[in-house]
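# Descriptive analysis of the structure
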Amino acid sequence: MKEGNASWKKIISNLAVPIIAVVFAMLVGAIFMIAVEGNPIEAYKVLFTSSFGNTRYFFETLVNTIPLIFTGLSVAFAFRCGLFNIGGEGQFFAGYITVAAVGVYLKVPYWWIHIPLALLAAIVAGAIWGGIPGYLKAKLGIHEVISTIMFNYIGLYLVNFLIRSVMMVPNGLPATPKIEQTMRFARFIRGSRLNWSIFIALLAAFAIYWILWKTITGYEVRAVGLNPSAAEYGGISVAKNTVLAMAISGALAALAGATQVMGLEYRAVQPFGFLGYGFTGIAVALLGKNHPVGIILAALLFGTLQRGANMMQSMADVPKEVISIIQAIIIFFVASDYAVRKFYRKMKAKNAAGKEGVE
C-alpha cells in the first residue's frame, strides 16, 4: 500500500511542474495580448476551437503533433544517457532526403515492402547521422552539443545541394520528383492531411518505453545517464551506450523526416532554413519529463500552439509571436525546475558529506 502511495505521489510530483508551467505561461501570454490591445479570452477561444473545434481541425492538430513526438523522443532518449542531442534538425534531414531517394529511385510494386524498406532506410540514415557525434563523444571526448550543432548545418546544406542538383525535378520547383504511390501513407478523411504516420509515432513511443524500462539495454543506458563512473565500475560500457543512445536518438529524429515525406509532401522540398522540429523537440522532452507518455502530451500541446498561432493572428488580431513567448516561458519554467532540483541534490550531498566528516 505504501509503495502504491509513493508511486502516485511521484506521478503527481512529475505532473505538477509542467501543469504549473503551462498555466503560468498562458497567464503571461494573456498579459502580452492585453498589452497589444488584444482580447486574451477571444484569442484562447480561437486557439481551442481552431485546434479541437471539429474532427478536421483536430486531425490537423495531430498532423503538427506527429513530428514533435519523434523529435521529443529523440531528445529524451539521449537525455536518459546523459547526452544533449541538439542535432535533431540534421537527423530529420537525413531521414527526409533518404526516404525521398528511396521513393523516387527504388521501384517496388508492393506497399507492404516499399513502406517498411523506406522506414528502415530512414532509421539507418538517422542512426549513422546521430551515431557519428556519439562516436566522437565516446572515443575523442568531443562534446555532443558542438558536434550535433555542426551536423545540423552539414545536413541542411547537403540536402539543399542534393535537391538543387542531383535530385531536382527538371525545369520545376526546387524539389525532388514525387515518391511512388506504393510508399505513400494513406490519409484518414478527405480534406485532412492526417495519415497513418500517427500510428508510427505512437508505436515509436511505446517502443522507447519498452526499451528504456523493460530491457537490459535500457537499464544500461539509464545507468550511464545517472552515473557514468558507477556504471563503468559495474561493468557497463559507457562508450558503447553513448554511441548506441545517440544512434537511436538520431533514428527517431530521422523518422520525423521520413513521415513528412511519406505522409504529407510526397517529395523532398528544398529547405531554406531549419524547420524547427529538432529544436522544439527539446522543449517537448523537457516538458514531458523525458517520459514517452509525457512527450506525447507535450507534443500535443506544442502542436496545438503551432496550429492556433496563425488562426489567433487572423481571427483575434493577436500577433502569432505571442505563441512563441508562451513556448519560451514554458521552456524557461521547466528548465528552471531542473536547475533547482540539481542544485538541491548537490547541496544535500555536500551537507551529507560534511556530516560524515564531522563524525
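Residues numbered from 1 in each chain as written. Predicted model: local features only at pLDDT ≥ 70, side-chain atom pairs only at ≥ 80, totals over all residues. Heavy atoms only, no water.

We now examine the overall build of the chain. A count of helices and strands for the chain gives 13 helices and zero strands. The order of α-helices and β-strands along the chain, N terminus first, is α-α-α-α-α-α-α-α-α-α-α-α-α. At 22 Å, the chain has a C-alpha radius of gyration in line with the 21 Å of a compact globule built from 359 residues. Seen along its three principal axes, the alpha-carbon backbone of the chain occupies a region of about 80 × 55 × 40 Å. Taken across its 359 residues, the chain has 47% of its residues classed as buried. In the chain, the proportion of contacts linking residues at least 24 apart, taken out of those at least 6 apart, comes to 77%. A total of about 18,300 Å² of accessible surface is found on the chain, and carbon and sulfur atoms cover 68% of it. On the chain, the mean spot of the 29 positive side-chain charges and the mean spot of the 15 negative ones are 5 Å from each other. (Helix = DSSP H or I, 4+ residues; strand = E, 2+ residues; numbered from the N terminus. Rg over C-alpha atoms; globule rule 2.2 N^0.38 Å. Buried < 20%, exposed > 50% of the residue type's maximum accessible area, 1.4 Å probe, protein only. Contact = heavy atoms within 4.5 Å. Areas by Shrake-Rupley, 256 points an atom, 1.4 Å probe, with all protein chains shown as cover. Lys, Arg positive; Asp, Glu negative; His and termini not counted. Charge placed at Lys NZ, Arg CZ, Asp CG, Glu CD.)

Another aspect to go through is the nonpolar core. Nonpolar side chains in soluble globular proteins tend to end up buried together. Judged by nonpolar contacts, the single largest core of 88 residues is most densely connected at Leu73, Met262, Leu287, Met312 and Ile330. With twelve residues, helix α3 (residues 55-80) is the single largest residue contributor to this core. Once residues lying within four places of it in the same chain are set aside, the contact partners of Ile330 are Ala21, Val22, Ala25, Leu287, Leu301 and Phe302. (Core = buried A, V, L, I, M, F, W, Y, C linked by side-chain atoms within 4.5 Å.)

As a further point, take helix α4 (residues 88-105). Side chains that are three or four residues apart share a direction in an α-helix, a result of its 3.6 residues per turn. For α4, built from 18 residues, the straight-helix expectation of 26 Å at 1.5 Å per residue is met to within 8% by its first-to-last C-alpha distance of 26 Å. Judged by how many residues are buried, α4 sits mostly within the fold: 15 of 18 residues are covered. (Expected span 1.5 Å × (residues − 1).)

We now examine the packing of helix α8 (residues 216-226) against helix α10 (residues 238-265). Here α8 crosses α10 at 105 degrees, and the two axes come no closer than 10 Å. Classified by the angle their axes make, α8 and α10 are roughly perpendicular. Of the residues in α10, those touching α8 at Thr217, Glu220, Val221 and Val224 are Val238, Lys240, Asn241 and Leu244. Partitioned by chemical class, the residues of the contact of α8 with α10 number four nonpolar, two polar and two charged. (Axes fitted to C-alpha atoms, helices over the stretch in contact; angles between N-to-C directions. Parallel < 35°, antiparallel > 145°, perpendicular 65-115°, else oblique. Nonpolar A, V, L, I, M, F, W, Y, C, P; charged D, E, K, R; others polar.)

This part covers the pattern of salt bridges. For the coordinates displayed, the defined rule picks out four salt bridges. For the salt bridge of Glu180 with Lys107, the shortest nitrogen-to-oxygen distance reads 2.8 Å. In this pair, Glu180 sits in the loop between α6 (144-164) and α7 (197-214) while Lys107 sits in the loop between α4 and α5 (111-140), placing the two residues 73 residues apart along the sequence. The exposure class of Glu180 is partly exposed, given its relative accessible area of 27%. When its relative accessible area of 56% is taken as the criterion, Lys107 is described as exposed. (Salt bridge = Lys/Arg side-chain N within 4 Å of Asp/Glu carboxyl O.)

It is worth spelling out the packing of α3 against helix α12 (residues 292-315) at this point. It is the contact of α3 with α12, at a shortest axis distance of 7 Å, that shows an interaxial angle of 130 degrees. Relative to α12, α3 is oriented oblique. Here the hand of the crossing between α3 and α12 comes out right-handed. Contact residues: α3 offers Tyr57, Glu60, Thr61, Leu62, Asn64, Thr65, Leu68, Ile69, Gly72, Leu73 and Ala76, while α12 offers Pro292, Ile295, Ile296, Ala299, Leu300, Phe302, Gly303, Thr304, Gln306 and Arg307. Counted by class, the contact of α3 with α12 contains twelve nonpolar, seven polar and two charged residues. (Left-handed = near helix turned anticlockwise from the far one by under 90°.)

The tally for this structure, following the rule as stated, stands at 19 aromatic pairs. An angle of 75 degrees between the planes, with centres 5.2 Å apart, marks the rings of Trp129 and Phe151 as edge-to-face. Here Trp129, found in helix α5, pairs with Phe151, found in helix α6; they are 22 residues apart in sequence, far enough to count as distant. Taking relative accessible area as the criterion, Trp129 reaches 16% and is therefore assigned buried. On the basis of relative accessible area, Phe151 is assigned to the buried category, the value being 14%. (Phe/Tyr/Trp six-rings, centres within 6.5 Å; stacked < 30°, edge-to-face > 60°.)

This brings us to α10. Between its first and last C-alpha atoms α10 spans 40 Å; for 28 residues at 1.5 Å apiece the expected length is 40 Å, and the two agree. For α10, the tally of buried residues reaches 22 of 28 residues, placing the bulk of the element in the interior. Residue Ser237 occupies the N-cap position of α10, its side-chain oxygen lying 3.1 Å from the main-chain nitrogen of Lys240. Immediately downstream of α10, the backbone of Tyr266 shows phi near 60 degrees, a positive value. (Polar contact = N/O pair within 3.5 Å; in protein donor to acceptor, adjacent residues only side chain to side chain.)

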